[in-house]
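Listed below, chain by chain, are the residues.
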Amino acid sequence: MAGSAAPDSAAGALVDAVERIVIENCAIATVDAHDTEYASGHVVVAGNRIESVGAGKAPEGLANVVRRVDGTGHLVTPGLVNTHHHFYQWITRGLATDHNLFNWLVALYPIWARIDEPMARSAAQGSLAMMARGGVTTAMDHHYVYPHGAGDLSGAIIGAARETGVRFTLARGSMDRSEKDGGLPPDFAVETLEGALAATEETVKLHHDASFDAMTQVAVAPCSPFSISTELLKQGAELARRLGVRMHTHGSETVEEEKWCHELFGMGPTDYFESTGWLGEDVWMAHCVHMNDSDIEAFARTRTGVAHCPSSNARLAAGIARVPDMLKAGVPVGLGVDGTASNESGELHTELRNALLINRLGAHREAALNARQALRLGTYGGAQVLGRAAQIGSLEAGKLADLVLWKLDTLAHSSIADPVVALVFGAAAPVTLSLVNGKAIVENSRLTTVDEDAIARTTRAEAQRLARIAAQG
C-alpha cells in the first residue's frame with residue numbers, strides 16, 4: 001500500500017503545477033447538450049483544458065492561479081468555429097460585386113490563377129486576423145487554387161494560422177477540370193488528377209495532427225462538381241478514408257449547379273455525390289442551398305455535415321439554405337464566412353445574426369431560428385461539422401480551453417437583458433478576451449499574437465501586386 005502513495009503524490013503535484021486562469025462574475029452560455037446557462041458564474045482553465053464551469057464564484061484554494069478576470073458585464077461562450085472559407089480571396093475583395101456565382105467565378109478565376117506564396121501568406125494573415133479578433137478560435141481554409149510554380153501555398157497558409165494562434169483545419173482543395181475540359185478555371189490554374197492526389201496526400205502526411213488537442217488538421221477537399229472530374233472525387237474519397245481524414249467540397253450552391261449536374265451526370269448534386277462516395281459522417285459540404293426533402297433525408301441518414309454561409313449566399317444571390325429543416329432532420333450544421341470576395345466583412349460573429357435573420361425571411365417564419373440555435377450553429381455545430389465535437393464547441397470540464405469573453409455592458413448592448421439575445425440580435429460585440437488552447441490571442445479587441453497594422457499594410461500591397469499582374473494578362 002505504501003508503494004502506491006508516491007505516484008499519487010507526484011500526480012497531484014503535477015496537477016497543482018498547471019497554470020490556471022479564473023474568469024468570474026460573468027454570464028455563461030455553455031452550449032452543452034442541455035444548453036446550460038448561468039446568469040453569474042465562473043470558468044476555470046487549467047493549462048489547455050477547461051477544469052470547471054459553474055454558477056457563482058470559482059472554487060476556493062485553487063493552486064497556481066496566474067490570472068483572474070472579472071467578467072462583470074460580459075458573456076462567456078465557446079469560441080466560434082468557422083467551417084468554410086477561402087483565405088486567398090482576402091486580396092480580391094470588392095470585385096464583381098453584382099454577379100451570380102458562375103459569372104463571379106468567370107470574372108475572378110483569371111485573377112486568382114496568378115496568386116503566389118507571398119500573396120497566399122498575406123491573404124491568410126488578413127483572413128485569420130479578422131476572424132480571430134471577432135471571436136473565432138477554430139478556423140478552416142478551403143484552398144484549391146494551386147497555379148504552376150506558385151510555391152508552397154499550403155505551408156504558407158498553415159504557417160499564418162500557427163502565428164495567429166488559432167486552431168486550424170486546412171481543407172487541401174484541388175481542381176483538374178479547366179476551360180479546355182468544360183470547366184471554369186484557366187488551364188494553367190489546375191492540377192492533373194495524379195498530381196492533385198499526390199500533393200494532397202503529401203500535405204496530410206506533413207501537417208495533419210490527429211491528437212485530441214491538435215492545432216492543425218488537414219482534410220481532402222476537391223473544389224466543386226464543375227471544376228473537378230468524377231475520378232478526382234472518387235479517388236479523393238478513397239484517399240481520405242485510407243488516411244483517416246475528413247472530406248470537404250462545395251455542394252448544391254446554385255440552381256445553375258443543379259441544372260449542370262443533371263445535364264452532365266443525369267442526376268442532381270446529392271445523388272451524384274453519393275454515387276462517388278461523398279456522403280458520410282466524415283464529410284461536410286459548403287452551402288447546400290438547393291436541397292429538396294430527399295436530399296436533406298440523405299444528409300441526415302448519412303450524417304453528412306453542412307457549412308451554412310448566409311452572407312455569401314445573399315451576396316451572390318444563391319438563395320436561402322433550408323437550415324431549420326436540416327436541423328429538424330438531424331443534419332449537422334455549422335456556420336461559414338466563405339471567401340471574402342463574396343463576404344467582404346470576413347467575420348463569423350456577424351453570421352450568427354445573419355443566419356437567424358435570413359432563415360426567417362418569408363411568411364410565418366418568425367420562429368425559424370432563435371438566438372440560441374444561432375449560437376449553437378457557430379460553436380458546437382461547427383465543431384460537429386469539423387469532427388471535433390469531443391474537444392471543442394461547448395464549455396465543459398475536460399474540453400479544450402477555447403472560449404470568448406464578449407463585452408455586453410456598453411451602449412450597443414446594455415439595455416438587452418438576455419445576454420445571448422444581445423450577442424446574436426445586437427451589434428457585433430467587442431471581444432475582451434479570447435483563449436485558444438488556454439492562451440490569449442485577443443485582449444480588448446486587439447490581437448496579441450500578430451501586428452494587425454502590419455498585416456493591413458502587407459495585404460494591401462499584395463492586393464495591388466496581384467491586380468497589376470492580372471492586368472498584364
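Everything numeric in this text was worked out from a predicted model, so none of it was measured.

Rules used in this analysis
- Residues numbered from 1 in each chain as written.
- Predicted model: local features only at pLDDT ≥ 70, side-chain atom pairs only at ≥ 80, totals over all residues.
- Heavy atoms only, no water.
- Helix = DSSP H or I, 4+ residues; strand = E, 2+ residues; numbered from the N terminus.
- Buried < 20%, exposed > 50% of the residue type's maximum accessible area, 1.4 Å probe, protein only.
- Contact = heavy atoms within 4.5 Å.
- Phe/Tyr/Trp six-rings, centres within 6.5 Å; stacked < 30°, edge-to-face > 60°.
- Lys NZ or Arg CZ within 6 Å of the ring centre and 35° of its normal.
- Polar contact = N/O pair within 3.5 Å; in protein donor to acceptor, adjacent residues only side chain to side chain.
- UniProt positions renumbered as here; feature names shortened; annotations may be inferred.
- Pairing = 2+ DSSP bridges.
- Right-handed = clockwise from strand over helix to strand, strands pointing away.
- pLDDT = per-residue confidence, 0-100.
- Axes fitted to C-alpha atoms, helices over the stretch in contact; angles between N-to-C directions.
- Parallel < 35°, antiparallel > 145°, perpendicular 65-115°, else oblique.
- Left-handed = near helix turned anticlockwise from the far one by under 90°.
- Nonpolar A, V, L, I, M, F, W, Y, C, P; charged D, E, K, R; others polar.

Undergrad: Would you explain the environment of Pro-59 in this entry?
TA: Mapped onto the secondary structure, Pro-59 falls in the loop between β3 (49-55) and β4 (65-70). Pro-59 sits in the partly exposed class, given a relative accessible area of 38%. If we ignore the near neighbours within four places in the chain, the residues touching Pro-59 are His-42, Val-44 and Ser-52.

Undergrad: Looking at this model, I keep getting lost on the packing of aromatic side chains. Mind explaining?
TA: Aromatic ring pairs: the centre-centre distance and the angle between the two ring planes describe each pair. Counted according to the given criterion, the structure contains 10 aromatic pairs. Measuring from centroid to centroid gives 5.4 Å for Tyr-109 and Trp-112, while their planes differ by 85°, and the two rings are edge-to-face. Placement of the pair is Tyr-109 and Trp-112 together in helix α2 (residues 101-112), with a separation of three residues, close to one helical turn. Following the ring pairs from residue to residue traces out a cluster consisting of Phe-102, Phe-226, Trp-260, Phe-265, Tyr-272 and Phe-273. Here the guanidinium or amino end of Arg-93 rests over the ring plane of Trp-90, the centre of that ring lying 3.8 Å away. Here the guanidinium or amino end of Arg-172 rests over the ring plane of Tyr-146, the centre of that ring lying 3.7 Å away.

Undergrad: Looking at this model, I keep getting lost on unusual backbone geometry. Mind explaining?
TA: Most peptide bonds take the trans form, and the phi angle of most residues other than glycine is negative. Phi is positive for Arg-303, close to 60°, though the residue is something other than glycine. Take Arg-303: it is sitting in the loop between α9 (293-302) and β12 (305-308). Residue Arg-303 is classed as partly exposed on the basis of its relative accessible area, which comes to 37%. Even without a glycine there, the phi angle at Asp-338 is positive, about 65°.

Undergrad: Honestly, α9 in this entry has me stumped. Any pointers?
TA: Every α-helix winds through 3.6 residues per turn, so residues three or four apart in the chain are directed the same way. Within α9, the full set of buried residues consists of Asp-295, Ile-296, Ala-298, Phe-299, Ala-300 and Thr-302. Residues of α9 that are buried sit in contact with α8 (269-275), β11 (283-287), β12 and α11 (323-329). The backbone nitrogen of Ser-294 lies 3.0 Å from a side-chain oxygen of the residue at the head of α9, namely Asn-292. Backbone geometry just after α9 places Arg-303 at a positive phi near 60°.

Undergrad: For this particular structure, what's the right way to read the UniProt feature "domain: Amidohydrolase-related" (unreviewed entry) in the protein?
TA: The residues that UniProt annotates with the feature "domain: Amidohydrolase-related" (unreviewed entry) are residues 75-421. Helix and strand shares over residues 75-421 are 40% and 15% respectively, and the end C-alpha atoms of the span are 11 Å apart.

Undergrad: Before we go on, may I ask you to explain the side chain of Asn-313 in this structure?
TA: Note on placement: Asn-313 falls in helix α10 (residues 310-315). Reaching out from Asn-313, the side chain makes a polar contact with the side chain of His-287 at a distance of 3.1 Å. For Asn-313, the contacting residues outside a window of four places in its chain are Glu-253, His-287, Val-289, His-308, Ala-318 and Gly-319.

Undergrad: Is there a simple way to explain the pairing of β12 in this structure?
TA: Within a regular strand, the side chains alternate between the two sheet faces. Residues of β12 alternate between two faces, with Gly-305 and Ala-307 on one and Val-306 and His-308 on the opposite face, all of them buried. Pairing geometry for β11 and β12, over three bridges, is parallel. Bridge pairing in β12 links Ala-286 to Ala-307. On the question of chirality, the crossover connecting β11 to the parallel β12 by way of α9 is right-handed. When β12 meets strand β13 (residues 333-335), the two strands line up parallel, connected through three bridges. In the strand pairing of β13, Val-306 is matched with Val-333.

Undergrad: Can you help me understand the confidence of the model for the protein in this one?
TA: The predicted coordinates should not be examined in detail at positions where pLDDT is low. The share of residues in the protein with pLDDT of 70 or more is 97%, and the mean pLDDT across the chain is 95. Low pLDDT, under 50, characterises residues 1-7; the predicted model gives this stretch zero contacts beyond four residues in sequence or across chains.

Undergrad: I tried to follow the packing of helix α3 (residues 117-132) against helix α4 (residues 153-164) on my own but got confused; where do I start?
TA: In helix packing, the relevant descriptors are the interaxial angle and the interaxial distance, both defined with respect to the helix axes. Taken N-terminus to C-terminus, the directions of α3 and α4 make an angle of 30°; their axes are 8 Å apart at the nearest point. The angle between α3 and α4 falls in the class roughly parallel. The hand of the α3/α4 crossing is right-handed. Two secondary-structure elements touch here, α3 through Glu-117, Ala-120, Arg-121, Ala-124, Gln-125, Leu-128 and Ala-132 and α4 through Leu-153, Ala-156, Ile-157, Gly-159, Ala-160, Ala-161, Glu-163 and Thr-164. Residue composition of the contact of α3 with α4, grouped by class: nine nonpolar, three polar and three charged.

Undergrad: Looking at this structure, I do not really get the side chain of Ser-174. What am I missing?
TA: Mapped onto the fold, Ser-174 is located in strand β8 (residues 167-174). The exposure class of Ser-174 is buried, given its relative accessible area of 2%. If near-sequence neighbours (up to four positions away) are discounted, Ser-174 is found in contact with Tyr-144, Glu-191, Ala-196, Ala-221, Pro-222, Cys-223, Ile-228 and Leu-232.

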